[in-house]
Structure formats: structure tokens, C-alpha cells
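Here is how the chains run, residue by residue.
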Amino acid sequence: MALSGGLGAMALPSELIVHIFSFLSDRDKLRASAVCSRWRECLFYPALWTELKLRIGAGRNDGNSSSDETPKLEFLMRKFGSFVRELQLELAPVDGYILSERWRDAMAAYLDQVLCVLAGIRNNRNLQKLSLYGDTCVLQQEGLLDGSNLHQIHQGDKKINEIQQLFMEMLSNSRQLRWLSCSFMLGLVTPCSLACLSNPSAGTLQHLSLLDHQLGPLITPSELDRLSNLHSLALDFSDMTSELCGLLASPCRTPLHRLSLLLNGAALEFKPLEGTATEDDWKALVRVSTNLRVYVMALEVDNSELLRVLKPSLPLERLHLDSYHTLVSDATLELISQQYNKTLTHFLLLRDDPDFPDLTVNRNEDPLVLLAWRCTQLAVLVIHGYTIWSHNLVAISRLRGSSLRVLTVSEESIEFDPDQSVGMEGDPLLNLVKEVSLGLGRVWHPCLDSSLVLSEPTQHFHHELKTFSMGM
């Protein structure tokens, strides 16, 4: 029905316009704000911007540099930073060799953007969820990138100090923080940061994620003791000390439901495993937190270190073994399938190397088939970088059937045994697709593009721990 006076949408009350705009995406809201001053006024109503999800930064392939996005970020934070309730920021990977001109420009933009975000939310007392991911701490040819490299950027020392101060101010001013996640944000979190968290937020915080490859423990036992209502926690494995595990096992705390641990083999030089939780520590924790489930990613970790941390009492639900060169042995897989046969639901075995080792050498049974047989709760299985014989893949599909919700195997990893193909007609790959599909009870295909299987490990861990922690 047409509105009287022919004024159209301009005749609608502001409250109704705001309600209509609430169905638009963030991008469409910003576009609509350019229509007229009335719409702009309505579109910047705080109720429409309770949540911001931003992905910006270096490593772009569209011709724009990360610094081109800084003005847009400044606009968003100036408009919404003081009242937004949920803020998720991801900074894209930094490409190029450390200290190259491209790297310097990207890191300078990183510092400016982090300053911009923290300045925008420093006085926000309504903030409930803050998730920051700076994908700048990656394995590079020169070794691990750490915060010391940022000091070589123009005014890097000054900006790092400002960043750390703003972060502590934000924590001090917060009143109802429920989710705090800082993953690989170089120069942001220090071992003293959490001491600034306000008492109200210490009581409301339910999830904490602090990940850094090189710094020592980012949370002290005394600060963890303040956070008595944590339901989920994510740390570097080396930071999960016996003392911290003992505090989490206190009956005076809210039981822990989800624990995500990242073990980076390249960082063990700086963060050794001495003093981490023992078998008795895990037993004590599980007695109090009976519903606890653990997610572990091991990146470039040799078998001896894996066997050292995979304790029998660890309630392991998800395990991601990722490497560039390091091999996971059949003995390690055997131990995993025996120890976690009742709890393991997700298993990812990935290796980014042109050589595809065969785990069945000198064995009667494929350890992956045994894992599928023993781990009765297995729902997700992802394989790349190791040889898996076609008949063993069929066996896995038949053992787990439709309960195996995800079976992702790169085509490069599949080998066909000529002896198994005797008497079979047609294309071996098509026959395999048919047999596996029958076993799973749904249409299945191998993954033709290995890049869809392989992802940047720390980014995968950041995303996965989020869904894992929220799935309580």
C-alpha cells in the first residue's frame, strides 16, 4: 500500500527503518548509509551494530595494501567501538621475508590497525566478546617470527608500548567480558596484561584463549585463580603446567568443559615441555571436570614429544597432527587408537611434503584402519600427505559407516594395489568412489585439490577452537 503524500520510505518512523535495516548484512548497511542523511542517522543506531566481524590486513592479492584499509577501520571503530558488544578481528597473513620492504610496510600497518581497534574499545563497558587473531606468527625460513622484529619498524617501540597500555586499559574498563581470545597478536599480550582485568569481568569471563609461540606463560596461577567461572580455555601446551592444572582441578571452581592446546615443535626451543601436566594432574582434573573434552593440535612435533604429552588420562576428543617434514609413526597412531578409543571424534593427519610415506610397511594392518575400528565415536577423519591404499579406505568407510560424517582424503594420497584390482572392470578410482559411497551411505568423492585440505595451521586452530569451545 502506498504511503500518503508520496513520501515513500521517508515517511516511516525511525524505529521502523532501524528494524528493517536490522535484516541487512554489515556491508549492505554501510552502502545504504550513503543514500541520505536520514538513513545514515538510522543506520548508525547502536542496536544495529552490536557485533562486528572484520578481516583485514596484509597478504592481499587484490592490488590493495593493508594500509589502504586503515581509514575504513578507523571509521568503523570511531562509530561503533564505544558500544559494540562483540568484536572479532582477523589480520591476514604477512607475506615476504622478514625485514623486507613488503614485510615492513605490512607490519607498520599491523601496528596502526591494532592501535586503532584498541583505541576504539578502550572505554567500552558493554563489550562481552573480544576475539583477536593476528596471523603474523608463522613458520618462516628464518625461523619463528616474534615480537622483537616489530621493534625494527619505524616508531615500533613506541607503538608497541601504546598497544599494550591500551589493551590493559580496555581490560580494566570492561565490566561484563565473557569471551577473551588473543591468538598470535604480536606485541599485544604480556604476562602482566591479565592483572588489569576488572573484578566484574574476572567473574563473568567464561572463555579465555591466549596463544603465543615464544613468550613465556601469558597467565600466572594467581590470575587463573581469579577466573573461577571459566568454561573453556585455550593455551600453548607448554603453558599447561602442573600448577595450572592443579588450580583447574579445584572443587571451588566451575568445572572446565573445553580445553584447547597447541603444541608447536618449532617453539619448544623457547617453551620446553618441562613442568607440564603429568598423568596424575590429568586424573585429578578429570575427577572434578567430568565432562572435560580436549582438543590438541601438534604442529611439526616429532614422535618422542608426542608420546610424552599424550597421557592416558587426557580426555582427548580432537587431535590434529600437522607437519611439513616430520613423520608420524605407525606406533604413535597405534597408541592414539588404543588410548582414546572411547573419546576421539576428530582426527586430522596432514603433511605438506611431496613424499607420501606408507604407514603399512612391515605391518599386517593399516594403523588408520585400526583407528577407525577402535575409535567408535570417530566422526571426522582427514588425511593428506600419507599413502592410504584404496582397499583400506573402503574398510574405513564400512567400519564407521554413516557415523563418519566427514571423510576427507586427497586424491594424491590414494594408491591402488594391482592385486586388489584383478577381476575388477572399469576405472579403479570410479570403483573406489562407488565402494566408499556405499560404505558411508552417501555420495563420496576424494578431494582433487590438496589446497582445500591443507590450511594455515594456526588459523585452522583458531577457528576450530572457537567452534569447539562454543559447542559445550
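Residues numbered from 1 in each chain as written. Predicted model: local features only at pLDDT ≥ 70, side-chain atom pairs only at ≥ 80, totals over all residues. Heavy atoms only, no water.

With an unreviewed UniProt entry as reference, the protein is termed F-box protein 33, source organism Takifugu rubripes.

Hey, could you go over the overall build of the protein for me, with residue numbers and the actual values?
Helix and strand counts for the protein stand at 16 helices and 16 strands. By the burial criterion, 53% of the 472 residues in the protein qualify as buried. Relative to all contacts within the protein whose residues are 6 or more apart in sequence, the contacts with residues 24 or more apart total 80%. When the accessible surface of the protein is totalled, it reaches about 20,900 Å², and 52% of it is carbon and sulfur. (Helix = DSSP H or I, 4+ residues; strand = E, 2+ residues; numbered from the N terminus. Buried < 20%, exposed > 50% of the residue type's maximum accessible area, 1.4 Å probe, protein only. Contact = heavy atoms within 4.5 Å. Areas by Shrake-Rupley, 256 points an atom, 1.4 Å probe, with all protein chains shown as cover.)

Residue-level account of the packing of helix H13 (residues 367-374) against helix H14 (residues 390-400), with values.
One can describe the packing of H13 onto H14 by two numbers: an axis separation of 9 Å at closest approach and a directional angle of 5 degrees. When the interaxial angle is binned, H13 and H14 end up roughly parallel. For the pair H13 and H14, contact is made by Leu368, Val369, Ala372 and Trp373 and by Asn392, Ala395, Ile396, Leu399 and Arg400, respectively. (Axes fitted to C-alpha atoms, helices over the stretch in contact; angles between N-to-C directions. Parallel < 35°, antiparallel > 145°, perpendicular 65-115°, else oblique.)

So, empty space enclosed by the protein: which residues are in play, and what are the values?
Taking a probe equal in size to a water molecule and rolling it over the atoms shows the remaining empty space. Following the criterion strictly, the structure yields five cavities of 30 Å³ or more and no others. The calculated volume of the largest cavity comes to roughly 70 Å³. Along the walls of the largest cavity sit 10 residues, with Asp236, Ser238, Leu262, Asn264 and Ala267 positioned nearest its centre. Ranked by residue count, the leading element in the lining of the largest cavity is strand E9 (residues 258-264), at three residues. Residue classes in the lining of the largest cavity are distributed as five nonpolar, three polar and two charged. Reported here for the second largest cavity is a volume of approximately 60 Å³. Lining the second largest cavity are Ala298, Leu299, Glu300, Val301, Leu306, Leu321, Asp322, Ser323, Thr326 and Val328. Elements with a contribution of two residues or more to the lining of the second largest cavity: strand E10 (293-299) and strand E11 (316-323). If one sorts the elements of the lining of the second largest cavity by residue count, E11 sits on top with three residues. Tallied by class, the residues present in the lining of the second largest cavity amount to six nonpolar, two polar and two charged. (1 Å grid on protein atoms, 1.4 Å probe; cavity = no way out; pocket = protein on both sides within 12 Å on 5 of 7 lines; lining within 4 Å. Points joined across faces, edges and corners; volume = space filled by probe spheres on them. Nonpolar A, V, L, I, M, F, W, Y, C, P; charged D, E, K, R; others polar.)

Give a description of the packing of helix H4 (residues 70-80) against helix H5 (residues 101-121) that names residues and reports values.
Running from N to C, H4 and H5 point in directions that differ by 5 degrees, and their axes come no closer than 9 Å. Between H4 and H5, the angle is such that the two are roughly parallel. On H5, the residues that touch Thr70, Leu73, Glu74 and Met77 of H4 are Gln113, Cys116, Val117, Gly120 and Ile121. When its residues are assigned to classes, the contact of H4 with H5 shows five nonpolar, three polar and one charged.

How would you summarise the pairing of strand E13 (residues 380-384) if you had to cite specific residues and measurements?
With five of its five residues buried, E13 lies for the most part within the structure. Alternating residues of E13 divide into Val380, Val382 and His384 and Leu381 and Ile383, and every residue in both groups is buried. With five bridges connecting them, strand E12 (residues 346-351) and E13 associate as parallel partners. Counted as the bridge partner of leucine 348 is valine 382 from E13. (Pairing = 2+ DSSP bridges.)

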